[in-house]
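Next come the chains, spelled out residue by residue.
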Amino acid sequence: MTRLTVRTRLLLALALLAVAVLTVGAMAWSALSRGSERLDRLHGETLESVDRALTLSRHAADLATLAPYLLTLDSPFRIAQEGQAASALVDAIAQDLPAASPLHAQLADMRRAVAELVRETSLRAGLRDRVLRTNAEIAAAERRFAALSAQPAASLAERQDWLLLQRMAAALLGAGRAENLIGMGEFQRDYTRLSRRLADAPVVFGAEDAARLSVMAEGVEGLFEARRLELARRIGAEAALVRIRQGAAAVTAHAAAQTAEAQATIAEERSRTTTAIALAKSTILAVGFASAALALVAALYVSGHVTSNLRAISEAMMRLASGDRQSRLPRGTDRGDEIGKLFHAFRSFRANVLRLDRSNRQMARRTALYENMMASISDGVAILSDQGQIVASNDRLAQILRVGPEQLRGRPRLDDVILAAGWVADDQPGGILGLSLPDGPHVERRNSRLPGGGAVILITDTTERRQIEERLRQIQRIEALGKVSGEVAHDFGNILSTVSGSLHLMENAPPDRQAALRQTIASAVDLGVSLTERLLSFARRQQLEPEVLDLPLLVEGMADLVRFALRDGVELTIAAAAGPLPVRVDPGQLESAILNLCLNAGQAIEGNGRIDVTVTREGDQAVIEVADTGTGMTPEVLAHAMEPFFTARADGTGTGLGLAMVYGFIRQSGGDIQITSAPGAGTTIRLTLPLHGHASIALGPLGRVVLVEDSDSDRALAERLLAPSAAVLDLACTAPAALARLERPVDLIVTDLTLEGRVEGWRLAETALARWPQARALVVSGHLPDVDPVSPRFPGRIATLAKPLTAAGLAATLHPLIQDPTEDAPISRPKT
C-alpha cells in the first residue's frame with residue numbers, strides 16, 4: 001500500500017477546511033443578500049422621504065434667514081433681488097410638498113408676506129435716504145451754529161440767538177435718529193417749544209437759518225412727517241416678517257413629522273434585520289466550531305508524524321553546528337516523502353560541511369604561505385581601499401618608510417603616513433613616483449589597481465641604487481673627462497713645442513725678432529692657461545640646483561672645450577639663435593649632456609666629418625640639435641639607444657649610460673629628446689627645453705580646471721602651464737580622486753590617457769562632458785591612439801595632445817575648444 005505523503009495529507013485537511021469555509025461563506029452571503037435587499041427597500045421607502053424633509057427644512061431655514069436680511073438693505077435693487085430669491089424659496093418648498101398638503105394655504109400667505117416685506121422695505125429705504133440727507137444738512141448747520149455761538153467777539157444777544165438755533169438743530173437731529181415713534185415725539189415736542197420761543201422773540205442774528213430749519217422740519221415734506229412714515233413702513237415690514245417666520249416654522253414642523261415617520265420605519269426594519277443576523281451568527285458559529293475541530297484533528301494527525309522527524313533533524317543539525325561531525329540520521333526513514341527529502345538534505349549538508357572543513361584547512365595553509373611571502377619580501381607592500389586606507393601591509397613597509405609599526409594600525413591613509421614621516425616627492429623618469437627624506441633615503445612607489453577597487457602598493461628602498469647611479473654618473477663624467485684629456489694632450493704637446501722652439505730661436509734672434517717670439521710664447525701660454533681652466537671648471541663642477549641661464553651663451557662657451565675633445569679631421573660648427581633663450585636647468589648636467597653627445601658623435605665619424613650644434617627657438621621651446629655625418633644607427637640599435645648599460649661599440653669601451661643619463665636629465669627638466677638616425681646617413685639628436693618665463697602663453701580664462709596626471713614631473717609642467725589661466729586648478733593623481741573632483745561643476749578637464757597602468761582618460765573625459773554641459777576635455781599622452789572613442793558623442797568639446805606639453809601646443813589645442821561658437825553652453829569665465 002502506497003503511503004500518503006505529508007503534502008497529500010495536508011492538502012486533504014486543507015480541502016476539508018476549505019469546504020467548511022465555503023459553507024460559512026455561503027451562509028454569510030445569503031444573510032448579507034437578504035440584508036442588502038432590505039436596505040434597498042428601506043432606501044426606497046424612507047430615505048427619499050427623509051431627503052424631502054431635509055430639503056424642506058433647509059429651504060425653510062434659508063427663508064427664515066433671508067427675510068430678516070431684507071430689513072437691513074437700503075438699495076431698492078438689492079431689496080427686489082433678495083425678494084425674488086425669497087419668493088423662489090417659497091416656490092421650491094411648494095414643489096416639494098404633495099398637492100393635497102394643507103401647507104399650500106400657509107405658503108400662499110408667505111408669498112403675500114414676502115411681497116409686503118419687499119414693498120414696505122423699498123418704501124422705507126426711499127424715506128430713509130431722504131431723512132439721511134436732511135440729517136446731514138441739519139448736522140452741518142448745528143456745527144456751524146455752535147461755532148458762531150462760541151466766537152469771543154460775539155455779543156451776548158448774538159450768542160443767545162445762535163445757541164437757540166443750535167438747540168433747535170439738535171432737536172431735529174434727535175428726531176432724525178430716533179428708533180421709534182415715542183422717541184421721535186419727544187424730540188418733536190422740544191422742537192415745537194423752541195419754535196414757539198422763537199416766534200415770541202424773533203432772533204436778530206440767523207433769521208434765514210431759522211426759516212430754513214422750519215422748512216426742513218415742518219409740513220408734508222418735513223423731517224417729522226418723513227420719520228413718521230419711515231417708522232410706519234418699518235412696522236409693516238416687521239409684521240410681514242412675523243408672518244414669514246410663522247410659515248417657515250410650519251414647514252419645519254411638517255419636515256420634522258416626516259423625519260419621525262421615517263425613523264419609525266427604520267427602527268422596525270432594524271429589528272427584523274437584527275433577528276436575521278443573530279440567526280446567521282449562530283449558524284456560522286456552529287460551522288466554525290466544526291471546522292476548528294476538523295483542523296485540530298488534522299493538525300494532531302500531521303504533527304504526530306512531522307514534528308518528531310523535524311525534531312530529530314533539528315537536533316542533528318545543532319550537533320553538527322556545534323562541531324560534532326559524527327552526527328548522523330538513519331537511512332531509509334519515510335523514503336519518498338518530504339521528511340525523507342529532509343533527511344537526504346541533511347546528509348548532503350553534512351557532506352558539504354566536511355568538504356568546507358577541508359577547504360578551510362587548505363585556506364589556512366594558503367594564508368600562512370601568503371603571510372610568509374609577505375614577511376619575506378624585501379620591499380614594502382600595502383593593500384589600499386578605494387579611499388586610500390591601508391587594509392593590509394607587511395612588516396617591511398614600516399621599516400622602509402622609517403615609521404613605527406603602530407603608525408600603520410587602525411587603517412590610516414597611506415598618503416597621510418608618508419606625509420607625516422617627512423617624505424617628499426621627487427621626479428623620476430617613466431612616471432614612477434619617487435620619495436625622499438632630507439637626510440638621504442630614497443624610495444620608489446608603484447601602484448597597481450585591483451579589479452574590485454583599491455590598489456596594491458609596492459614601495460622599494462632605492463637608497464643604495466641611487467648611490468650606485470650617482471657613482472655611475474661620476475664615472476661617466478670621469479670617462480668624459482678622460483676622453484677630453486686624451487684628445488687635449490696632443491694640443492698641450494703642440495703648445496709646449498711652440499714654447500720650446502720659440503725659446504731656442506730667441507737665443508740667436510735679433511731684438512725685433514725676439515719681441516715677436518715672446519708674443520708667440522705668450523699666446524701659447526694663454527691658450528694653455530685657458531684650456532687648463534676650462535678642463536678644471538668641467539672636472540670640478542658638481543650637481544647643482546636648477547638655475548636660469550642663457551642657453552646660446554652656455555653652448556657657445558663650450559665650443560673650445562668640445563673642439564679640444566674632438567680628434568683632428570672632425571669639424572665642429574655651432575650656430576646659436578640671436579638673442580637670449582632663458583631656460584631653467586642644472587648647468588653642469590646640461591654641459592655634461594652636450595659634451596657626451598658631441599663625443600659620441602665624434603666617435604661615430606670614421607675619418608673626416610662634421611658635427612653641427614644648433615640652438616634655436618620654436619614657440620615656447622628652446623631646441624638643441626646635435627647632428628653628425630657619422631655611420632648612423634640601425635633600427636635595432638636605435639630602439640635600444642636610450643636603455644641603461646646598452647652600448648653598440650664593438651671595442652667594449654662604452655658604459656651604455658650616456659644617452660640614458662641625458663634622457664633622464666632632459667625629462668626631469670621638463671623637456672624631451674628625439675633621435676633620428678639611419679645607417680650611412682648620420683645621427684641627429686634633438687633636445688627640447690621649455691623657455692623660462694614663457695610658460696603662460698595667453699590661453700584665455702579657463703574657469704575651474706581639473707588636472708589628472710600620475711607623473712610628478714608631467715603634472716608639475718602642466719600645472720605651470722595652466723595655473724596662470726585657471727580660476728581654480730584642482731589636482732588629482734588617480735581616477736577615483738578625479739571622479740570625486742568631478743562632483744562639482746568643472747569647465748575643463750586635462751587628463752593623462754593612462755593612469756597607473758590603466759587607460760582611464762577616456763572614461764574621465766566622458767564623465768565630465770556628460771555631467772556638465774559647459775565642460776571641455778583634453779586627453780594627453782606620449783602615445784596617443786589613432787582612434788578617439790569619445791569625440792563622436794561630444795563633437796567640438798574634446799581634443800587630444802601629445803606629450804610633452806608646451807604652452808604653444810596647449811594654447812593652439814585649447815583655443816578652438818573654449819572659443820567654439822556652435823556650442824550652446826560656452827565655457828564659463830571667472831568674474832572680474
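Everything here concerns the structure above.
Residues numbered from 1 in each chain as written. Predicted model: local features only at pLDDT ≥ 70, side-chain atom pairs only at ≥ 80, totals over all residues. Heavy atoms only, no water.

**Thoughts on the overall build of the chain**
- Across its full length, the chain holds 21 helices and 20 strands.
- Here the chain holds 832 residues, and 40% of them are scored as buried.
- Look at the contacts in the chain between residues 6 or more apart in sequence, and 65% of them connect residues 24 or more apart.
- Of the roughly 44700 Å² of accessible surface on the chain, a fraction of 58% belongs to carbon and sulfur atoms. (Helix = DSSP H or I, 4+ residues; strand = E, 2+ residues; numbered from the N terminus. Buried < 20%, exposed > 50% of the residue type's maximum accessible area, 1.4 Å probe, protein only. Contact = heavy atoms within 4.5 Å. Areas by Shrake-Rupley, 256 points an atom, 1.4 Å probe, with all protein chains shown as cover.)

**Looking at helix α15 (residues 587-604)**
- Helix length check: α15 (18 residues) gives 26 Å between terminal C-alpha atoms against 26 Å at 1.5 Å per residue, within 8%.
- Burial analysis of α15 places 15 of its 18 residues in the buried class, which makes it a mostly covered element. (Expected span 1.5 Å × (residues − 1).)

**Remarks on the packing of aromatic side chains**
- Inspection of the entire model under this criterion finds two aromatic pairs.
- Pairing Y191 with F224 gives two aromatic rings, centres 5.5 Å apart and planes at 50°, and the pair type is tilted. Note that Y191 is positioned in helix α5 (residues 181-200) and F224 in helix α7 (residues 223-321), a separation of 33 residues in sequence. For the residue pair Y191 and F224, the accessibility class agrees, reading buried in each case. (Phe/Tyr/Trp six-rings, centres within 6.5 Å; stacked < 30°, edge-to-face > 60°.)

**Examining unusual backbone geometry**
- A positive phi angle is found at R402, which is not glycine, with a value near 60°.
- Within the secondary structure, R402 sits in the loop between α9 (395-401) and α10 (414-420).
- Taking the relative accessible area as the measure of exposure, R402 reaches 40% and is therefore partly exposed.
- Positive phi is not limited to glycine here, since R411 has a value of about 55°.
- Its location among the elements puts R411 in the loop between α9 and α10.
- Note on R411: relative accessible area 42%, which makes it partly exposed.

**Concerning the sheet that holds strand β12 (residues 672-677)**
- Taken in spatial order, the five strands make up an open sheet running β8-β10-β11-β13-β12, and their pairing is mixed. Among the strands making up the open sheet, the edge pair consists of β8 (570-576) and β12. When the angles between neighbouring strand axes are averaged without regard to direction, this sheet yields 15°.
- Here β8 runs beside strand β10 (residues 609-618); their pairing, made up of seven bridges, is parallel. Its bridge partner being in β10, L572 is matched across the sheet by I611.
- Lying on the sheet, α15 is in contact with β10, β11 (621-628) and β13 (683-690); it crosses β11 at an angle near 25°. (Pairing = 2+ DSSP bridges. Axes fitted to C-alpha atoms, helices over the stretch in contact; angles between N-to-C directions.)

**So, the sheet that holds strand β14 (residues 704-708)**
- A sheet is described by the order of its strands in space; here five strands give the open sequence β15-β14-β16-β19-β20, paired in parallel fashion. Only two strands of the sheet have a single neighbouring strand rather than two, namely β15 (728-732) and β20 (798-802). For this sheet the average axis-to-axis angle between neighbouring strands, irrespective of direction, equals 15°.
- Across five bridges, the pairing between strand β19 (residues 776-781) and β20 is parallel. Residue pairing for β20: A777 is matched across the bridge by I798.

**Here's the deal with the nonpolar core**
- If you look at the biggest cluster of nonpolar residues, it comprises 40 residues, and the most contacted ones within it are L551, V583, L590, I594, I611, V613 and L687.
- A per-element tally of this core places α15 first, with eight residues.
- Leaving out residues up to four positions away in the same chain, V583 has contacts with E547, V548, L549, L551, A622, L689, P690, L691 and H692.
- Among the nonpolar cores identified, the runner-up in size contains 29 residues, and L63, I79, A94 and A237 belong to it. (Core = buried A, V, L, I, M, F, W, Y, C linked by side-chain atoms within 4.5 Å.)

Nothing here speaks to function; it is geometry throughout.
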